[in-house]
Amino acid sequence: KGEEESVLAGIMEAVCPTLQARVESVLHNHTAAVTVFKLGNLLLFYLHTIGGLLREGSALTSTLQTCHKLAGKVYMDLLTVAAQRLYKQPPPCPPTLEPHPHIVLQLEELAQVMISFETSLIPARLRENYFKPVLEEGVEPLIGCCALSANALTTAQGSVYLVNCFLALQVLLQRFDFCAWRLEKIHSQLATALEQAVREQIIAIMRTCNLDDKMYTLRSWKTSAPGEGLANMTGMDAMSVSVALKQFYGVVLTSAIDYKFVDRINNSSVRAQARSQVATGVAASYTQLHDAILSKEAGYRDPQTLLLHSAQQIESLLLGSL
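Before going into details, it helps to say that this report is about the structure given with it. (Residues numbered from 1 in each chain as written. Predicted model: local features only at pLDDT ≥ 70, side-chain atom pairs only at ≥ 80, totals over all residues. Heavy atoms only, no water.)

1. Quick look at the overall build of the chain
Stated formally: The way it works is that DSSP assigns letters per residue, a run of H or I at least four long becomes a helix, a run of E at least two long becomes a strand, and they are numbered from the N terminus. As defined in this context, the radius of gyration uses C-alpha atoms, and a globule is described by 2.2 Å times the residue total to the power 0.38. Each residue is placed in one exposure class: buried if its accessible area under a 1.4 Å probe, protein chains only, is under 20% of its type's maximum, exposed if it is over 50%, and partly exposed if it falls in between. Residues count as neighbours in contact if any of their non-hydrogen atoms are within 4.5 Å of one another. The Shrake-Rupley method, run with a 1.4 Å probe sphere, supplies the accessible areas, and residue values consider only the shown protein chains as cover. Asp and Glu are treated as the negative residues and Lys and Arg as the positive ones, with His and the ends of the chain left uncounted. For the purpose of locating charges, the reference atoms are NZ of Lys, CZ of Arg, CG of Asp and CD of Glu.
Summing up its helical and strand segments, the chain has 12 helices and zero strands in all. Traced from its N-terminal end to its C-terminal end, the chain shows the element sequence α-α-α-α-α-α-α-α-α-α-α-α. In terms of overall size, the chain is more extended than a compact globule, its C-alpha atoms giving a radius of gyration of 30 Å where 322 residues would be expected to give roughly 20 Å. Counting only C-alpha atoms, the chain reaches 105 × 35 × 35 Å along its principal axes. Per-residue burial over the chain gives 44% buried out of 322 residues. The long-range fraction of contacts in the chain, counting pairs at least 24 apart against all pairs at least 6 apart in sequence, stands at 74%. If you sum the accessible surface of the chain, you get close to 16,900 Å²; carbon and sulfur atoms cover 55% of it. A distance of 3 Å separates the average location of the 26 positive side-chain charges in the chain from that of its 29 negative side-chain charges.

This is the structure in C-alpha cells:
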C-alpha cells in the first residue's frame, strides 16, 4: 500500500503547479462571491477524497490545502468589501416597507452559499463552528445597513421595515441547522422591532383621536403631580376630554381604526399578531384613562357623563373587529 501511495503521489505531483495556477487565476479574476465559495467547497471535497488516498504531506494534498485556504480568504475579502459598500451606501427603504431588492439579492446569494455548504463533507456536529465566520460576515452587514435605512424613516415606518427585513432573514436561516445559533438572536431582534412597531401604531391611533397628548398628561399626573387634580391639568378639562373621547368612540364603534403601519408587515401571521397587540394596547390605554377619570383624585364633577362605554365594552369592540 505504501508503494502504491508513493507512485500515485508522484503521478499527481506533476499536475500540482498547473492546478494551483489555474485555481489562483480563477480566484483572483472572479469577483462573484458565490462562485468563489463553491470553488472552495469543491476543493474541500477533493481534499477529503483524493487527499485521503495519498500519504500525509504529499504535493497534491498540500496544493489542495493551499488552494482551499486561498479560496476561503478571497471569499471573506469579498464579503468585507460588500459590507463596506453596504454601510457606505445603504439601499433606501421602498415605499412598501419591504426589504430593498438589493437586500433580497444579497439574501439569495447567501442562500446559494448555504446550500453549497450543506452538501460539504464536513460532519454535521462541526458545521456550525465552521460556518460561523461566514454567517457573521454575511448577516451582520445586512442587518446594519437595514438599520441605517430605517433611521431615514419615521420610527413607525422604520420599525416595520426592520420587522420585514428580520422576517426575510429568519425564513432563510431556519432552513439550515448550522444557522440555529444566529436564529435565536434574529428572533430577539425581530421581537424588539415588532414591539416598537406595535407601540408606534398605538400612538398613531390615539393621536387620530387627540388622545395621545392626554395619555401623556395622564402618565405625568400619576408620576409627578398626584396632589393636583387631573381635571385641572392643561388639556384635561371635562370639555376637552369629552370631545376627544367622542372621537375615539366614533372610530371604535365604526371599526374605522387604521392599522396603516403594522398592516405593511409581510408575514400574515405576524401581521395578525401585531394587529391583536395593537388592539389590546389601545384597549389598555383606554382602561387607564377610564379608571383615572373615575377616580376621586382626578377631580371630575360628573365623570360618568364623559365615559359612554366601559373598558370591557371597548376591549370587546376592538378585539372583535380584527
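2. What about the pattern of salt bridges?
The following threshold applies: Should a side-chain nitrogen of Lys or Arg be within 4 Å of a carboxyl oxygen of Asp or Glu, the pair is scored as a salt bridge.
Applying the stated criterion across every chain yields a total of six salt bridges. Residue R182 pairs with E140 through a salt bridge whose shortest N-O separation is 2.8 Å. Of the two residues, R182 sits in helix α8 (residues 180-208) while E140 sits in helix α6 (residues 124-151), which places them 42 residues apart along the sequence. Residue class for E140 comes out partly exposed when judged on its relative accessible area of 28%.

3. Focus on unusual backbone geometry
Located in the positive-phi region is L97, a residue other than glycine, with phi close to 65 degrees. Tracing the chain through its elements places L97 in the loop between α4 (59-88) and α5 (101-118). At N210, a position not held by glycine, the phi torsion is positive, near 60 degrees.

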